[in-house]
Structures are given as structure tokens and as C-alpha cells.
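A closer look at the structure
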Amino acid sequence: MLIGETLSVALGALRANKLRSFLTMLGIVIGVSAVIAVVALGRGAQQAVNERISALGTTLLTVNAGQAFGRGVASADSRAPLTMDDAAFLAERMVHATAIQPEMSRQLQVQYLNKNTNTQVVGTTPNYLEVRKYEMQAGRMFTTADDMGRRRVAVVGPSVLTSLGLDNPDALIGQPVRIRGLQFEVVGVLKSKGSASGFSDPDDQVLIPIQTARYRAFGTDRLRSISVLAKSEAEIPLAIADIQKHLRRSHRLRPGQADDFQVRNQADFLSTAAETTAVFGLLLAGIATVSLLVGGIGIMNIMLVSVTERTREIGVRKALGATSNNILLQFLIEAVVLCLVGGLVGVILGTGGAWALSSLGSFSTDVSSDSIALAFVFSALVGVVFGVWPARRAATLDPIVALRYE
């Protein structure tokens, strides 16, 4: 039997059982579409995080509180605090930095008229825009005079504006909002930076002067972090050494004693984010791949049933001169065609699903040609692997026994 005729017979058998063929390939369709959509989500999340971190600038250094040690052993109260004195100490002595930006934060309720939202309230300095690469959409940033005078003024992010039921940034300028029972005047609205697919929303925050936060809103001088803007990428190692030297002196750490703070640059954040999202993406892709295997088992099951149903037909073909290789090829083609058609439909659905998540669900997605090709090739391999056993079973049937089969 020629290849063309074998292919025609295989396709004819699939067309004769359209519903069974569709249900058989459904597992492959779901598996391929899930793989493509999940990989697109993982790549989109990684790209969005990288863009957000890169947008902060390559010369940004972040100082966080670290483990407190006593006599070489981590202390029970865990973290050594960063304080306003540390930020002032760095600002006075650092020579390889252009800006020092301390910040403290709390998750608090913000109320405007009869609307309220729970958001991140950040006490910081007026150079926040410069250091964090933000821009104003409306109004102004609070000034050094506002900070020194401990004025109750606030700059809100666009997500806060939306949560309070407003769509016009100018509508909130000059209006009072209440934070932790205190009335603040809104003086500005930040321009949106966009969220990062499930990660913390940089637009969901309210900025207030750090001295106001210290003495009126939070009642503490402990900082969440200190951001340091190095003069250039070449001076980043010098700036890190500068930070370590001055903070060790500020914290009165003896030689040989471990640092009780951490200094991280953007490369560290990018590396950590890449590793995290890569592991997360592989995990999700692995889960999606299981559905491909389940679909392959379903195909093998249906093909075994098909061999049993068509035993007499196989006997007739062998009696008319079909070889075992012809029968093997016919059933193998049926399995591969089921997987390829299912893979093609899965590619279309997976790509469409990724687009829908991006357009309608506000998720960052990135469909790559590599993931499409991989899913498509894998679906073909599933057809070959899970179609071999039923095909071999059909090919090895004794024609005499097959002709007697009822």
C-alpha cells in the first residue's frame, strides 16, 4: 500500500468517527493551549518586572535593615533598625552619591468623603521623584519646606485615585483626605507606572513628607529602606563601600563583626526577579505539560479501542496484501494527525487566551515563537509515542484470527 493511500485511509477512518476524534484530541488541545498561555504569562511577568526595575535606573542602590548580631549570634529581636540618623549620617558623609532618599511606610486606610481604600502610605523626602524616576500627572510634589514644617500634605498614586472613585486627577487636587484619622491636603497625583502582573502595584501608594510621617502619622523614626543614587555606574562599587563604611560607623560595629544591614543594586534585583519568575514559569509549564501527557494517554486508549473495533477490517486488508508496516503506518498516522490537529487548535486557543489575558485581564503576557514551536512539536511526539503501541498491536494481528473476529 502506498504512502498516499495509507494516509487517505487513515484520514477516512478519522472522518468516519468525527465526534470520537474530536473528544480524543481535546486533551491535546487543552494541554497545548495551557502550555502556551502559561509560558506567555511567565515571560510577560518577567519582562514587566525587569522593565520596572530597570526604570528605576542602573545607579540606584537600596539599603535595607539586616540581621542584628550579638556575640556572633543572631539576636532574638531579629532585625537591626535603620533610622533617620542613619540617613542623615549618609547624607552628610557620602561623596559617591548624588541623592539620599529615606522612606518609611505603613499599610493604612485612606478616606475621601464616603469612599475609602487600604493602601501603602509612604513617608519620604521631596527627592523621591528624582531617585525613583516618577513624574507628576497633576499638581506638585511636596517641598522641603512642607517636610521641615511637618505639613499634612499628600501626593497620591493613580490607583488610589481610582479606588476612591475618581477618574480626573485634578478633581482631588486641594481636597482633604483622612489618613489614620488625620486630615491631609492632596497636592499632587503621580503619573502611572503600571502594575507588573500580580506583583506589588507601584501606583497604589500615597506619599507624605517624612517628618510628618515620623512625628504625626507613624510616631517612629525607623525606616523601611534608604535609597542611594550613585553618581555613575562606574562608581557603584565605591558607593557601596562608602555606605558600608559609614553605616558600620553609625551602628558602631567592631572590626570583624558582620554587617547588620544589606546593600543591593538593581542587578541583584533583576537576577532575583529573573530566577523567581523562571522557577514559577517552569512550575506552571510543568503542570500544563501534564495535561498533554493525559491527552496522550487518552489517544492511546481510544486507538486501542479502535484496533479492537476494526480487527476484522485489519484482517481483510492483510488478506488483500497489506503488510504489517502498512497497518503500523496507518494507525500511527491516525494518532499523529489527531495530535497535530489538536496542537494546531491548541496553538490558536493558547495565543488567543494570552491575548485575552493581556487585553481584558490586565496581565502582562509575551507569546514567543519558541513556546509555540515547542508545544506543537511536543504534541506530535505525544502522537508518535502514545500511538506506537496500538499501531504495533494492529500490525502484529494474525490475519486468519482477525478474519474470524466478531
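Residues numbered from 1 in each chain as written. Predicted model: local features only at pLDDT ≥ 70, side-chain atom pairs only at ≥ 80, totals over all residues. Heavy atoms only, no water.

Here we come to the overall build of the protein. Broken down by element type, the protein carries 13 helices and 14 strands. Expressed as a percentage of the 406 residues in the protein, the buried residues total 46%. Contacts in the protein between residues at least 24 apart in sequence constitute 77% of all its contacts with a sequence separation of at least 6. Counting only carbon and sulfur atoms, one obtains 58% of the accessible surface of the protein, whose full area is about 20,100 Å². (Helix = DSSP H or I, 4+ residues; strand = E, 2+ residues; numbered from the N terminus. Buried < 20%, exposed > 50% of the residue type's maximum accessible area, 1.4 Å probe, protein only. Contact = heavy atoms within 4.5 Å. Areas by Shrake-Rupley, 256 points an atom, 1.4 Å probe, with all protein chains shown as cover.)

On to the pattern of salt bridges, then. Under the criterion given, the structure shown has nine salt bridges. Residues Arg132 and Glu103 are paired through a salt bridge, measuring 3.5 Å at the closest nitrogen-oxygen approach. Of this pair, Arg132 sits in helix H4 (residues 128-132) while Glu103 sits in strand S5 (residues 97-112), and the two are 29 residues apart along the sequence. A salt bridge links Asp146 to Arg140; its shortest N-O distance comes to 3.0 Å. If you follow the salt bridges from partner to partner, you end up with Arg140, Asp146, Arg151 and Glu185 in one network. (Salt bridge = Lys/Arg side-chain N within 4 Å of Asp/Glu carboxyl O.)

Turning our attention to the packing of helix H3 (residues 84-93) against helix H8 (residues 236-250). It is at 10 Å that the axes of H3 and H8 come closest, and there the two elements cross at 135 degrees. Here H8 runs oblique to H3, going by the angle between their axes. Considering how the two elements wind past one another, H3 and H8 form a crossing that is right-handed. Across the interface between the two elements, Asp86, Phe89, Leu90 and Arg93 from H3 touch Ile243, His246, Leu247, Arg249 and Ser250 from H8. A class-by-class count of the residues in the contact of H3 with H8 yields four nonpolar, two polar and three charged. (Axes fitted to C-alpha atoms, helices over the stretch in contact; angles between N-to-C directions. Parallel < 35°, antiparallel > 145°, perpendicular 65-115°, else oblique. Left-handed = near helix turned anticlockwise from the far one by under 90°. Nonpolar A, V, L, I, M, F, W, Y, C, P; charged D, E, K, R; others polar.)

Here we take up the packing of aromatic side chains. Aromatic rings in a pair are described by how distant their centres are and how their planes are angled relative to each other. Following the criterion strictly, the structure yields one aromatic pair and no others. Between Arg93 and the ring centre of Phe89, over which it is positioned, the NZ or CZ distance is 3.6 Å. (Phe/Tyr/Trp six-rings, centres within 6.5 Å; stacked < 30°, edge-to-face > 60°. Lys NZ or Arg CZ within 6 Å of the ring centre and 35° of its normal.)

Volume-wise, the second largest pocket comes out at about 250 Å³. Surrounding the second largest pocket, 15 residues form its lining, Met84, Pro102, Thr125, Asp147 and Gln211 being those nearest its centre. Listed by contribution, the elements that provide at least two residues to the lining of the second largest pocket are H3, S5, helix H5 (144-148) and helix H7 (210-217). Looking at which element gives the most residues to the lining of the second largest pocket, the answer is H3, with five residues. Residues that form the lining of the second largest pocket fall into these classes: nine nonpolar, four polar and two charged. (1 Å grid on protein atoms, 1.4 Å probe; cavity = no way out; pocket = protein on both sides within 12 Å on 5 of 7 lines; lining within 4 Å. Points joined across faces, edges and corners; volume = space filled by probe spheres on them.)

Once that is clear, we can look at the nonpolar core. Core analysis: the biggest nonpolar cluster contains 46 residues, and Val63, Leu172, Val206, Ile208, Ile226 and Val228 have the highest contact counts within it. Here this core takes six residues from S5, the largest share from any one element. In this view, Val228 contacts Thr59, Leu60, Leu61, Val63, Met94, Ala97, Ala99, Ile100 and Ile243; residues no more than four positions away in its chain are not counted. (Core = buried A, V, L, I, M, F, W, Y, C linked by side-chain atoms within 4.5 Å.)

Time to look at a positive patch on the surface. Among the surface-exposed residues, Arg150, Arg152, Arg178 and Arg216 lie close enough to one another that they form a single positively charged patch. On the secondary structure map, Arg216 appears in helix H7. (Patch = residues over 30% accessible without salt bridge, like charges linked within 9 Å, V, L, I, M, F, W, Y side chains within 5 Å. Lys, Arg positive; Asp, Glu negative; His and termini not counted. Charge placed at Lys NZ, Arg CZ, Asp CG, Glu CD.)

Together, Leu19, Phe22, Leu23, Leu26 and Ile30 line one region of the surface with nonpolar side chains, adding up to about 490 Å² of accessible area. As for its placement among the helices and strands, Phe22 is situated in helix H2 (residues 18-55).

Right, let's talk about the environment of Lys245 for a bit. By the element assignment, Lys245 lies in helix H8. Residue classification places Lys245 among the partly exposed positions, given a relative accessible area of 46%. It is 9.7 Å that separates the C-alpha atoms of Lys245 and Met94, two residues lying 151 residues apart in sequence.

Moving on, we come to the confidence of the model for the protein. Overall, the prediction assigns the protein a mean pLDDT of 81, with 84% of residues at 70 or greater. With pLDDT under 50 throughout, residues 69-77 is counted as low confidence; its partners more than four residues away or in other chains account for ten contacts. (pLDDT = per-residue confidence, 0-100.)

This part covers the side chain of Gln211. Relative to the helices and strands, Gln211 resides in helix H7. Overall, the relative accessible area of 15% leaves Gln211 in the buried class. Every residue in contact with Gln211, bar those within four places of it in the chain, is listed here: Met84, Asp147, Arg150 and Arg216.

Take the side chain of Asn265 next. With respect to the helices and strands, Asn265 occurs in strand S14 (residues 261-265). Excluding residues within four positions of it along the chain, Asn265 makes contact with Leu60, Leu61, Ile236 and Ile240.

This brings us to the environment of Met303. Along the chain, Met303 turns up in helix H9 (residues 266-309). Not counting chain neighbours up to four residues away, the residues in contact with Met303 comprise Phe331, Glu334, Ala335, Leu338 and Pro390.

At a minimum axis separation of 10 Å, helix H10 (residues 311-319) and helix H11 (residues 324-359) run at an interaxial angle of 140 degrees. By the angle between their axes, H10 is oblique relative to H11. Here the hand of the crossing between H10 and H11 comes out right-handed. Judged by residue contacts, Glu313, Ile314, Arg317 and Lys318 of H10 engage Ser324, Ile327, Gln330 and Phe331 from H11.

Only one face of strand S9 (residues 176-179) is buried: it carries Val177 and Ile179, and the other face, with Pro176 and Arg178, is open. Here S5 pairs with S9 via two bridges, running antiparallel. Looking across to S9, one finds that Gln111 is bridged to Arg178. Alignment of S9 against strand S10 (residues 182-190), held across four bridges, turns out to be antiparallel. Across the sheet, residue Ile179 finds its bridge partner in S10, namely Leu182. (Pairing = 2+ DSSP bridges.)

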